[in-house]
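Working through the structure, step by step
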Amino acid sequence: MKQLALSLLMSLALFLTPGNALAQSEAAADSTATEAEEGINMNELIGHHISDSHSWNLFGYKNAEGEEVEVKLNLPVMAYYKGDLLFTTSASFEEGKTLEHNGNVYYMEHDKLKVKGSEDKPFDFSMTRNVVSMMLSCVLLLLIFVGAARSYKKSQVPRGGNSLVEMAVLFVKDIADDQIGKEKSGKYTNYLLTLFFFIWFNNLIGLIPFFPGGSNLSGNISFTAILAIFTFIVTNWNGTKAYWKHNLTVPGVPALMKVILIPVEIISMFTKPFTLLVRLFANITGGHILVLSLFSVIFIVHSYAMAVPSVLLAFLIFTLELIFGALQAYIFTLLSALYIGLAVNQEDHHE
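Residues numbered from 1 in each chain as written. Predicted model: local features only at pLDDT ≥ 70, side-chain atom pairs only at ≥ 80, totals over all residues. Heavy atoms only, no water.

**Structural notes on the overall build of the chain**
Looking only at helices and strands, the chain features 12 helices and eight strands. The proportion of buried residues among the 351 residues of the chain is 40%. Contacts spanning at least 24 positions in sequence make up 65% of the contacts within the chain whose residues lie at least 6 apart. Accessible surface, the chain as shown: approximately 19,000 Å² in total, 66% of it carbon and sulfur. (Helix = DSSP H or I, 4+ residues; strand = E, 2+ residues; numbered from the N terminus. Buried < 20%, exposed > 50% of the residue type's maximum accessible area, 1.4 Å probe, protein only. Contact = heavy atoms within 4.5 Å. Areas by Shrake-Rupley, 256 points an atom, 1.4 Å probe, with all protein chains shown as cover.)

Right, dumping it as structure tokens:
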């Protein structure tokens, strides 16, 4: 009875766990005596959750023989290697399988597609879990905002969910007006709106503990780097002559000081987007790891005394993550608007 009660508590913990660690750890939820002795590799579980994957675990069950069966959505695997164009699914590489195609033998190692006997990596443009999640967020954004636009054509008075959309849009518009200025903000408001809602929606999707949620897109440094690069391009492409003059000549200071200040100003142009990408990546990834680590205490200790506070603390952090998802989108948008404002509004310098 004690083992059954502990198993139920673990199952509750897994259900509340953000991301699709629920499906990935279904076998761990069945706390048998053997598992209690052998233990569960929580480092592997957490690492698997926060990383990208070529499949989407849906749920697990036990068959008639008592074996654990995982039901997966196998995503398309597409790659190009030395004239060979590969189209298949991740099912071709399950359980260490290899796939021979046009004389090349492909295999998966830590969800990375490789070719046997070659150190060269194929050009992989597969539909991974993060890619599908990103496409899903784009579809949701289009449905919401196209619907809101059509509604405004009929009536200028927002109704229902359109009222929330209008509040969010005006909120971002106020950020643009404050940081860039009302005279110049109109040119950049659409970009800032896209940033805010795109990051926010992907953060929320990552917290859904079942399909089609569970991705960790904002915890992928490639994703945050691309967003930061966009801000870098928009900022410097639209920089005024005064902005470039300040960065490249630093007017108003002695010539000897310019030897130090000019390299510092140039480096700061690149550190700004770098801080953007690291902040978003680290905060989202850290939040996921924290929640999963608190739940992991249950599987490691197998104790009532630790299970109850672990679930409560993890549920509290999970609730805060809902707020942090919007907060990180706000910070990224605010700093992007600030950097753009500094670039387009530098007109006067002290001589």
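**Quick word on the pairing of strand S4 (residues 84-89)**
Only one face of S4 is buried, namely the one carrying Asp84, Leu86 and Thr88, since none of Leu85, Phe87 and Thr89 on the opposite face is buried. Summarising the sheet, strand S3 (residues 76-81) and S4 pair through six bridges and their orientation is antiparallel. Residue pairing across strands places Ala79 opposite Leu86, the latter belonging to S4. What sits between S3 and S4 in their antiparallel hairpin is a turn of two residues, with Lys82 showing a positive phi close to 50 degrees. (Pairing = 2+ DSSP bridges.)

**Notes on the sheet that holds strand S8 (residues 123-124)**
Across the sheet, three strands lie side by side as S4-S3-S8; this open sheet has antiparallel pairing. Either end of the sheet is taken by a strand with one partner, and the two such strands are S4 and S8.

**What about the sheet that holds strand S6 (residues 104-109)?**
Taking strand neighbours across the sheet as the criterion, the three strands line up as S5-S6-S7 in an open arrangement whose pairing is antiparallel. Looking at strand neighbours, the two that pair on one side only are strand S5 (98-101) and strand S7 (112-115), the edges of this open sheet. Pairs of neighbouring strands in the sheet enclose a mean axial angle of 30 degrees, with direction left out of account. The sheet contact formed by S6 and S7 spans four bridges and is antiparallel. Note that in S7 the partner of Tyr107 across the bridge is Lys114. (Axes fitted to C-alpha atoms, helices over the stretch in contact; angles between N-to-C directions.)

**Details of the packing of helix H8 (residues 189-207) against helix H9 (residues 221-237)**
In a packed pair of helices, the relevant descriptors are the angle between the two axes and the axis-to-axis distance. Direction vectors running N to C along H8 and H9 enclose 170 degrees, while the axes themselves pass 12 Å from each other. Classified by the angle their axes make, H8 and H9 are roughly antiparallel. Contact with H8, carried on its side by Tyr191, Leu195, Phe198, Ile199 and Asn202, involves Phe223, Leu227, Phe230, Thr231 and Val234 of H9 and no other residues of that element. Looking at side-chain class alone, the contact of H8 with H9 contains eight nonpolar, two polar and no charged residues. (Parallel < 35°, antiparallel > 145°, perpendicular 65-115°, else oblique. Nonpolar A, V, L, I, M, F, W, Y, C, P; charged D, E, K, R; others polar.)

**Some details on empty space enclosed by the protein**
By the definition in use, this model includes three cavities of 30 Å³ or more. Considering only enclosed or pocket space, the largest cavity measures out at about 90 Å³ in volume. Taken together, Thr231, Phe232, Thr235, Asn236, Tyr243, Met269, Lys272, Pro273, Leu276 and Tyr339 make up the lining of the largest cavity. When residues of the lining of the largest cavity are traced back to their parent elements, those giving at least two are H9 and helix H11 (255-301). The residue makeup of the lining of the largest cavity, split by class, is six nonpolar, three polar and one charged. (1 Å grid on protein atoms, 1.4 Å probe; cavity = no way out; pocket = protein on both sides within 12 Å on 5 of 7 lines; lining within 4 Å. Points joined across faces, edges and corners; volume = space filled by probe spheres on them.)

**Description of the packing of aromatic side chains**
Using the criterion set out here, one finds 12 aromatic pairs in the structure. Taken together, a centroid distance of 5.2 Å and an interplanar angle of 85 degrees make the contact between Phe196 and Phe197 edge-to-face. You can call Phe196 buried: its relative accessible area is 5%. Owing to a relative accessible area of 5%, Phe197 belongs among the buried residues under this scheme. Between Phe198 and Phe223 the ring centres are 5.6 Å apart and the planes differ by 55 degrees, which places this aromatic pair in the tilted class. Taken together, the residues span a long stretch of sequence, with Phe198 in helix H8 and Phe223 in helix H9 at a distance of 25 residues. (Phe/Tyr/Trp six-rings, centres within 6.5 Å; stacked < 30°, edge-to-face > 60°.)

**Some details on the nonpolar core**
By size, the foremost hydrophobic cluster in this structure holds 32 residues, and its most contacted members are Leu192, Leu195, Phe197, Ile199, Leu227, Phe332 and Ile340. Secondary structure elements with two or more residues in this core: helix H7 (161-180), H8, H9, H11 and helix H12 (304-344). For this core, the element with the highest residue contribution is H8, accounting for nine residues. Contacts of Phe197, omitting those with residues within four sequence positions, involve Leu141, Phe145, Ala168 and Val169. The next biggest cluster of nonpolar side chains, apart from the first, holds nine residues, and it includes Val77, Ala79, Leu86 and Val115. (Core = buried A, V, L, I, M, F, W, Y, C linked by side-chain atoms within 4.5 Å.)

**Things to note about the pattern of salt bridges**
The final tally for this structure, using the stated rule, is three salt bridges. Lys114 serves as the salt-bridge partner of Glu109, at 2.5 Å between the closest nitrogen and oxygen. As a salt-bridge pair, Asp177 and Lys173 come within 3.1 Å of each other at their nearest N and O atoms. Of this pair, Asp177 and Lys173 are both found in helix H7, four residues apart, which corresponds to roughly one turn of the helix. Accessibility expressed as a relative area gives 11% for Asp177, which makes it buried. (Salt bridge = Lys/Arg side-chain N within 4 Å of Asp/Glu carboxyl O.)

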